[in-house]
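Results of the structural survey
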Amino acid sequence: MRRFHSGSDFRRAHSVAELAAMARRRLPNFAWEYLEGGAEEEVTLRRNRQAFSEIGLLPQTLVACHETHTRRSIFGASIPLPMIIGPTGYNGMLHRDADLHLARAATKRGLPFTLSTVSTSSLEQIVAAVPEVNLWFQLYCLRDPRVQTDLLQRADAVGCKTLLLTSDAVLLGNREWDKRNFVKPRHLSLRNKFDVLRHPRWFKQAVWPHGLPILANVERYLPADQRTIEGAAHFIGAQMDTGLDWEALARLRDSWPHQLVLKGVLHPADAEKAVALGLDGLVVSNHGGRQLDGAPASIDCLPAIAAVAKGKLTLLLDSGVRRGTDILKACALGADAVLLGRATLYGVAVGGEAGAGHALDLLAQELRLALALLGKPDLDQLDRLDLHVTSNSPFSMSRTDE
Ligand SMILES: Cc1cc2nc3c(=O)[nH]c(=O)nc-3n(C[C@H](O)[C@H](O)[C@H](O)COP(=O)(O)O)c2cc1C
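The present account deals with the structure reproduced in this document. On a predicted model such as this, the values are computed, not experimentally measured, just so you know.

Points about the packing of helix α14 (residues 324-332) against helix α15 (residues 342-374)
One way to put it is that α14 packs onto α15 with a least axis distance of 7 Å and a crossing angle of 60°. The angle between the axes of α14 and α15 places the two elements in the oblique class. Both α14 and α15 take part in a crossing whose hand is right-handed. Within the contact between the two elements, α14 uses Gly 324, Thr 325, Ile 327 and Leu 328 and α15 uses Leu 363, Gln 365, Glu 366, Leu 367, Leu 369, Ala 370 and Leu 371.

Following this line, the structure appears as structure tokens:
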């Protein structure tokens, strides 16, 4: 039976799940649902966790484990753990300056931080506040080429060397909680307004005294009289380029001079195309179950994608990573590193930078311990034979294939 610490001191959380339980209590319902919710029946959201739990681990014994090796080289940077903070938009709803807190927590631990297009701190603010950040930028393909070009020039100008193009969200998934919580865009229902009154700590950490922040990266592209949350949300909605296709990605490949990563790949045929296009990496991702409900768990798609892309580009994975053992499983199946979405958001929601750092530290400790207990203290030595699979598991073929 799982028992959770019931206080509010995030430092006493023993797991990401405990941080999530604290965040649930700290946040008003609409903000919690924004963080936690998935699309429609949330089948994919649940599957992400279920799939990780169905992969077993097969330990070897009598292996000395004085120290573990978890370092990875990702796009020329040696990082101490196979973890990157992934892009999440509108983080300022959880905590004032949440993007800065996440960037600081990652940077202090030598890990990259990815800023979303729809972030609440701008590219320039992040670099000014955290100059040594290994900053990745996530791009939503926008209809207006002047806006997109300007965003890319700004990313380049602040020293960002890794661009993630998100391809699975040109249309927003059907998130019913979002429709329920707002009577019209960005206007909370009466019930949710009362709920806000019941969460004074959140109100103080996120809203008081300036109100919720707007989308800092795109603010400058809005007409002066529309620089509000409503204006920014409307702008982004109208700007999402539904014409995004492989040709558009090829043009981006030609124009972006640094690493280009495609985020939102589940099909091995798409991984093959990404390799053929000369991309530097891809993220096996279903957007944390927030887009197409019914899509498979990312971890279930990894083996087939690794079969066609491993060694040809950098393989990243996200969706459902909450434990060090999840990271271990992803690496054993071919991922070079994982992106963290909600795991660090829970932390930032309850403790700002220190809370996000606590989530990272918990995952790092769990990963190191699991490697030692598995009898594989060197992450680079992991492979599929370290996993315990049943005959009907999607990975069972991998054991005989080898
Ligand atoms: C609150 C929230 C906001 C997100 N915003 C973005 C975004 O702006 N851009 C993007 O590419 N992905 C976004 N994502 C998806 C994440 O990058 C990532 O794919 C997902 O969170 C991984 O699943 P997990 O949170 O279960 O680990 C968002 C996810 C969440 C939970």
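Concerning the site of the ligand
Around the ligand, 23 residues are found, and the nearest of them are Gly 89, Ser 116, Gly 288, Gly 341 and Arg 342. Within the residue set of the shell around the ligand, elements represented by two or more residues are α2 (29-36) and α15. Residue composition of the shell around the ligand, grouped by class: six nonpolar, 13 polar and four charged.

Quick look at helix α10 (residues 229-239)
Those residues of α10 that sit buried are Ala 232, Phe 235 and Ile 236. All buried residues of α10 project into a common sector of 95° when viewed along the axis, lining one side. For α10, the exposed residues lying more than 90 degrees away from the buried face are Gly 237 and Ala 238.

Structural notes on the packing of helix α4 (residues 98-108) against α15
Two elements in contact, α4 and α15, have axes separated by 8 Å at closest approach and are oriented at 10°. One finds that α4 runs roughly parallel with respect to α15. Taken together, the residues of α15 that come into contact with α4 (itself represented by Ala 98, His 101, Leu 102, Arg 104, Ala 105 and Lys 108) are Thr 344, Val 348, Gly 352, Glu 353, Ala 356, Gly 357 and Leu 360. Broken down by class, the residue content of the contact of α4 with α15 amounts to six nonpolar, four polar and three charged.

Thresholds, definitions, all that
- Residues numbered from 1 in each chain as written.
- Predicted model: local features only at pLDDT ≥ 70, side-chain atom pairs only at ≥ 80, totals over all residues.
- Axes fitted to C-alpha atoms, helices over the stretch in contact; angles between N-to-C directions.
- Helix = DSSP H or I, 4+ residues; strand = E, 2+ residues; numbered from the N terminus.
- Parallel < 35°, antiparallel > 145°, perpendicular 65-115°, else oblique.
- Left-handed = near helix turned anticlockwise from the far one by under 90°.
- Contact = placed C-beta atoms within 7 Å.
- Near = placed C-beta within 6 Å.
- Nonpolar A, V, L, I, M, F, W, Y, C, P; charged D, E, K, R; others polar.
- Buried ≥ 20, exposed ≤ 12 C-beta atoms within 10 Å, placed from the backbone.
- Arc of directions from axis to C-beta.

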